[in-house]
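Listed below are the residues making up each chain.
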Amino acid sequence: MVNFAFLDWFWLVAFIILMVFCGVLFYKLGKRSLSDFFLAGRGLPWWLPAASVYATHSATDTPMWISGVIYKYGMRGIWYTFFSAWCAISAFASTRIFRRSLAYTQAEWQTLRYSGLGAELLRGWIAGWQVFMNMFVLGWVGIAMGKLCGFLFGWPEWIGLILFSSLCAIYVLAAGYWGVVMADFQQGVIAFSVIIIVSLWGIVAAGGPSGIMAKLDALGETWRLSPFAFSGVTSGDFPLAWFLTMMVIAIIGGFGMGTAIDWYPEAQRIQSAKTVRDSSYSIWAGSALIIVRNSLWTVAILAFYSLYPRIQSTAEYEMAWYRLGFEFLPVGLVGFFFAAIVAIHLSTISTHLNLGASYATRDLYHHYFKPKASDKELVWVGRITTLIILLGSFVYGLMMQEITQWLIFALWIMAAGIWLPNILQVIWWRFNAWGYLSSWIANLGFSWLVVWVLPEFKVIPVLPDYLQFWSMMVLGAVIYIPITFLTKPEDMDRLVKYYVMSRPLGWWKPVAEEAERRGLLKLEDHRSRGGN
Amino acid sequence: MGWIKTKWTPEQADRWTKEDYITFIISPLIYVLLALGVAFSLLLLWYGWVMVGASIILLIVMIKIIDPKLKAISEDYETKQKKYLEDLEKIARWEE
């Protein structure tokens, strides 16, 4: 429990009013059209979506998760946080391709890249899955705030869950993505400032860099200062094989769309940028900020470890960064710190409310229920679905204790077996909707088998994470590669249109030749494609 | 950097060229140097500052390589965007 002085309450109330007002201010812009409500009219300079990328991916549970891996693994745990590096290549590859497609959502992109029934099945599936996932993430992040408020003020968990998400919904309902991105900017500035202040304060409290290193030396744990202190090539709790697997997933994944769960909110930011160039820089810069933030947290948690070494309870050491703030900041700054936590929280909540509503409105309502709906009607549907997603997140949040383990498993399986198909659909013209659809279905089955069923019946041992990833990738390919070749290629008209518009990289030679034959590409373009 | 192309026609910029592939290599390297460099700098280790410095230099090099191309792509694409958006609406409304 912490006690707030008057100055602490002042910071908190002032920041909340500022954040909500800043969002509501853009009410008139948000209601102009569907494109304004979900993409800010596709007119943002790169630094606004970049701030939104950073702010969105700094959630209430992020410092808990990073505290957990750094406290447990030392500085080598930084590689767990390196997943955001998929943006390094994506910013100049898949981001560029996706921005040129102009798709509102990843679900809509499916009907631009593929054709016929397969494309529609994929659009419907991804849209439905994203509505669910955004509701789930809102519940997950919301209950983390509920727990934090319980830890700080002794409130029941539901108060923190409902209070702050509802405050956030005010400006998301009013101004849509305009409200989200404008509030994200000032929330990002507040959050980054406080992350720097608290982390440096924690490092100083631990005796500064020399004090931290001396204490780790005295504990006989200087390996914690090395990012490359692997436990073996394939053995131990942090093998080299896992590090290499994470690097492949993160960096090569940048060629695909959907290889990281963060792709879906990023896709919205990509389309809200005013040009292809702005979209590339926004994704790159937003992720660079995330990487710097993670490094700040890493050293702060090492400082915490030197102050409180060898805590066994995960729940306890996951609060490390929060404890540095609440235990070491002076009175008056504690309220500032909590206001920044609220900023971190609201930026994530606002994004997922608006993103979930975009799939429900654009891909489900507009495309499947009422294709002739006007923009005015669609903006209202956007608001109603925002509200439904908010209410759904409360239900998920309150039952999260029971379902978290299942859903983290669901997140993992979504990532592993479809990682390669997510790349193939971008770089290989022959990969079709049936191949992609079958990869999702195969992955669902194989992940159950590999992760739970077969180890449970002692058919195979429990595999380490890196082996689970590679085995699911190979097993999935055994299904979707034959299905791709046994079914027809996509309709050439659709492929040519997509190619001319998006100019994907990789193996697209037959499509490029057809585009040239139709006079849609100049001969010079085709010759330059060489062996593609 | 004479071997890096700085003037692009829209048709040339639409291709995937060595400038893109070099960027694919430099960009993750900057992230790695930034992640480790900031952490080591906070611990006041000299090689942390070297890494941060290297990441800034590589960032400048990367922008010099890719920015002229991105500008050319963007300028050309903006002229076509309106037509593409109309096509997108036709698909959403089942008119195509």
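These numbers were taken from a predicted model, which means no experiment stands behind them.

## Concerning the overall build of chain B
- Looking only at helices and strands, chain B has three helices and zero strands in total.
- Secondary structure elements in chain B, listed N-terminal to C-terminal, are α-α-α.
- In terms of overall size, chain B is more extended than a compact globule, its C-alpha atoms giving a radius of gyration of 20 Å where 96 residues would be expected to give roughly 12 Å.
- Viewed in the frame of its principal axes, chain B has a C-alpha envelope of about 60 × 35 × 15 Å.
- A burial count over chain B gives 53% of its 96 residues as buried.
- Taken as a whole, chain B presents about 4800 Å² of accessible surface, with 69% of it coming from carbon and sulfur.

## Looking at the overall build of chain A
- In terms of helices and strands, chain A carries 25 helices and zero strands.
- Here the C-alpha atoms of chain A give a radius of gyration of 24 Å, agreeing with the 24 Å that 2.2 N^0.38 yields for 532 residues.
- For chain A, the spread of C-alpha atoms along the three principal axes comes to 70 × 55 × 45 Å.
- Taken across its 532 residues, chain A has 64% of its residues classed as buried.
- In chain A, of all internal contacts separated by at least 6 residues, the share reaching a separation of at least 24 is 80%.
- Element-wise, carbon and sulfur atoms account for 71% of the exposed surface of chain A, whose accessible area totals about 18500 Å².
- Taken together, the 37 basic and 30 acidic charged side chains of chain A have centroids lying 8 Å from each other.

## Thoughts on the interface of chain B and chain A
- The interface is formed by 48 residues belonging to chain B together with 65 residues belonging to chain A.
- A buried area of about 5200 Å², summed over both sides, lies between chain B and chain A, and 67% of it is on carbon and sulfur atoms.
- Of all residues in chain B, the largest losses of buried area upon contact with chain A belong to Trp16(B), Tyr31(B) and Leu43(B), amounting jointly to 16% of the total for that side.
- Our enumeration of links across chain B and chain A arrives at five salt bridges.
- With a shortest N-O distance of 2.8 Å, Arg100(A) and Asp14(B) are connected by a salt bridge.
- Taken together, the links from chain B to chain A amount to 18 residue pairs in polar contact (both at pLDDT 80 or more).
- At 20 residues, helix α3 (residues 46-92) of chain B tops the list of elements feeding residues into the side of chain B that touches chain A.
- Classifying every residue of the side of chain B that touches chain A gives 30 nonpolar, five polar and 13 charged.

## Brief notes about the pattern of salt bridges
- According to the stated counting rule, one finds 24 salt bridges over all chains in the structure shown.
- A salt bridge links Glu89(B) to Arg93(B); the nearest nitrogen and oxygen atoms lie 3.7 Å apart.

## Details of the environment of Trp155(A)
- For Trp155(A), the location among the structural elements is in the loop between α9 (116-153) and α10 (157-205).
- Through-space distance from the C-alpha of Trp155(A) to that of Met1(A) is 10.0 Å; in sequence the pair is 154 residues apart.

## Quick look at the packing of helix α20 (residues 419-427) of chain A against helix α22 (residues 465-486) of chain A
Residue and element names in this part refer to chain A.
- Two elements in contact, α20 and α22, have axes separated by 9 Å at closest approach and are oriented at 50°. The orientation of α20 with respect to α22, classified from their angle, is oblique. On α22, the residues that touch Trp 419, Leu 420, Pro 421 and Leu 424 of α20 are Phe 469, Met 473, Tyr 480 and Ile 481.
- In terms of residue class, the contact of α20 with α22 is built from eight nonpolar, no polar and no charged.

## Brief notes about the nonpolar core
- Ranked by internal contacts, the top residues of the largest apolar core, which has 218 residues, are Trp321(A) and Phe338(A).
- If we ignore the near neighbours within four places in the chain, the residues touching Trp321(A) are Pro63(A), Ser67(A), Val194(A), Ile195(A), Val198(A), Ser199(A), Trp297(A), Ala300(A), Ile301(A) and Phe337(A).

## Remarks on a nonpolar patch on the surface
All names here are of chain A.
- A contiguous nonpolar surface patch, about 550 Å² in accessible area, is contributed by Leu 444, Trp 448, Leu 449, Val 453, Phe 457 and Val 459.
- With respect to the helices and strands, the residue Val 459 is situated in the loop between α21 (433-456) and α22.
- When its relative accessible area of 56% is taken as the criterion, Val 459 is described as exposed.

## Focus on the side chain of Gln110(A)
Residues and elements named next belong to chain A.
- Of note, Gln 110 is situated in helix α8 (residues 106-113).
- Owing to a relative accessible area of 0%, Gln 110 belongs among the buried residues under this scheme.
- Ignoring sequence-local partners within four residues, the contact set of Gln 110 consists of Ala 119, Leu 122, Arg 123, Ile 126, Gln 425 and Tyr 436.

## Some points on α22(A)
Residue and element names in this part refer to chain A.
- The terminal C-alpha atoms of α22, which comprises 22 residues, lie 32 Å apart, in line with the 32 Å expected from a rise of 1.5 Å per residue.
- The sharpest bend along α22 measures roughly 30° and falls at Ala 477.
- When α22 is considered as a whole, its buried residues turn out to be Tyr 466, Gln 468, Phe 469, Met 472, Met 473, Gly 476, Tyr 480 and Thr 484.

## Re the packing of aromatic side chains
- In this structure the tally under the stated criterion is 63 aromatic pairs over all chains.
- Plain terms: the ring middles of Trp9(A) and Phe153(A) are 6.2 Å apart, the flat faces sit at 25° to each other, and that makes the pair stacked. Taken as a pair, Trp9(A) in helix α1 (residues 6-24) and Phe153(A) in helix α9 lie far apart in primary sequence, 144 residues in all.
- With relative accessibility at 14%, the residue Phe153(A) sits in the buried group.
- Of the aromatic side chains, those joined through ring pairs into one cluster are Tyr114(A), Trp125(A), Trp129(A), Tyr264(A), Trp428(A), Phe431(A), Tyr436(A), Trp440(A), Tyr480(A) and Phe485(A).
- Residue placement shows Arg96(A) over the ring face of Trp16(B); its charged tip is 4.0 Å from the ring centre.
- The ring of Trp380(A) has Arg383(A) lying over it, and the distance from NZ or CZ to the ring centre is 4.8 Å.

## Some words on the environment of Ser438(A)
Residues and elements named next belong to chain A.
- Turning to its location among the elements, Ser 438 is positioned in helix α21.
- When the C-alpha positions of Ser 438 and Leu 200 are compared, they lie 49 Å apart, and in sequence the two are 238 residues distant.
- Each residue touching Ser 438, except ones within four places of it in the same chain, is listed here: Ile 479, Tyr 480 and Ile 483.

## Comments concerning the packing of α10(A) against helix α17 (residues 333-369) of chain A
Residues and elements named next belong to chain A.
- The geometry of α10 relative to α17 is characterised by a closest axis approach of 6 Å and an angle of 140° between their N-to-C directions. Of the possible angle classes, the one that applies to α10 and α17 is oblique. α17 is crossed by α10, and the crossing has left-handed handedness.
- Partitioning the contact of α10 with α17 into residue classes produces 24 nonpolar, eight polar and one charged.

## Things to note about the environment of Ile252(A)
Residue and element names in this part refer to chain A.
- Along the chain, Ile 252 turns up in helix α12 (residues 240-252).
- In this structure, the C-alpha to C-alpha distance between Ile 252 and Leu 398, residues 146 residues apart in sequence, is 37 Å.
- If near-sequence neighbours (up to four positions away) are discounted, Ile 252 is found in contact with Met 247, Trp 419 and Ile 423.

Criteria and thresholds
- Residues numbered from 1 in each chain as written.
- Chains lettered and ligands numbered in written order.
- Predicted model: local features only at pLDDT ≥ 70, side-chain atom pairs only at ≥ 80, totals over all residues.
- Heavy atoms only, no water.
- Helix = DSSP H or I, 4+ residues; strand = E, 2+ residues; numbered from the N terminus.
- Rg over C-alpha atoms; globule rule 2.2 N^0.38 Å.
- Buried < 20%, exposed > 50% of the residue type's maximum accessible area, 1.4 Å probe, protein only.
- Areas by Shrake-Rupley, 256 points an atom, 1.4 Å probe, with all protein chains shown as cover.
- Contact = heavy atoms within 4.5 Å.
- Lys, Arg positive; Asp, Glu negative; His and termini not counted.
- Charge placed at Lys NZ, Arg CZ, Asp CG, Glu CD.
- Buried area = accessible area lost by both parts, 1.4 Å probe.
- Salt bridge = Lys/Arg side-chain N within 4 Å of Asp/Glu carboxyl O.
- Polar contact = N/O pair within 3.5 Å; in protein donor to acceptor, adjacent residues only side chain to side chain.
- Nonpolar A, V, L, I, M, F, W, Y, C, P; charged D, E, K, R; others polar.
- Axes fitted to C-alpha atoms, helices over the stretch in contact; angles between N-to-C directions.
- Parallel < 35°, antiparallel > 145°, perpendicular 65-115°, else oblique.
- Core = buried A, V, L, I, M, F, W, Y, C linked by side-chain atoms within 4.5 Å.
- Patch = residues over 30% accessible without salt bridge, like charges linked within 9 Å, V, L, I, M, F, W, Y side chains within 5 Å.
- Expected span 1.5 Å × (residues − 1).
- Bend = angle between axes of the 7 residues up to and from the residue.
- Phe/Tyr/Trp six-rings, centres within 6.5 Å; stacked < 30°, edge-to-face > 60°.
- Lys NZ or Arg CZ within 6 Å of the ring centre and 35° of its normal.
- Left-handed = near helix turned anticlockwise from the far one by under 90°.

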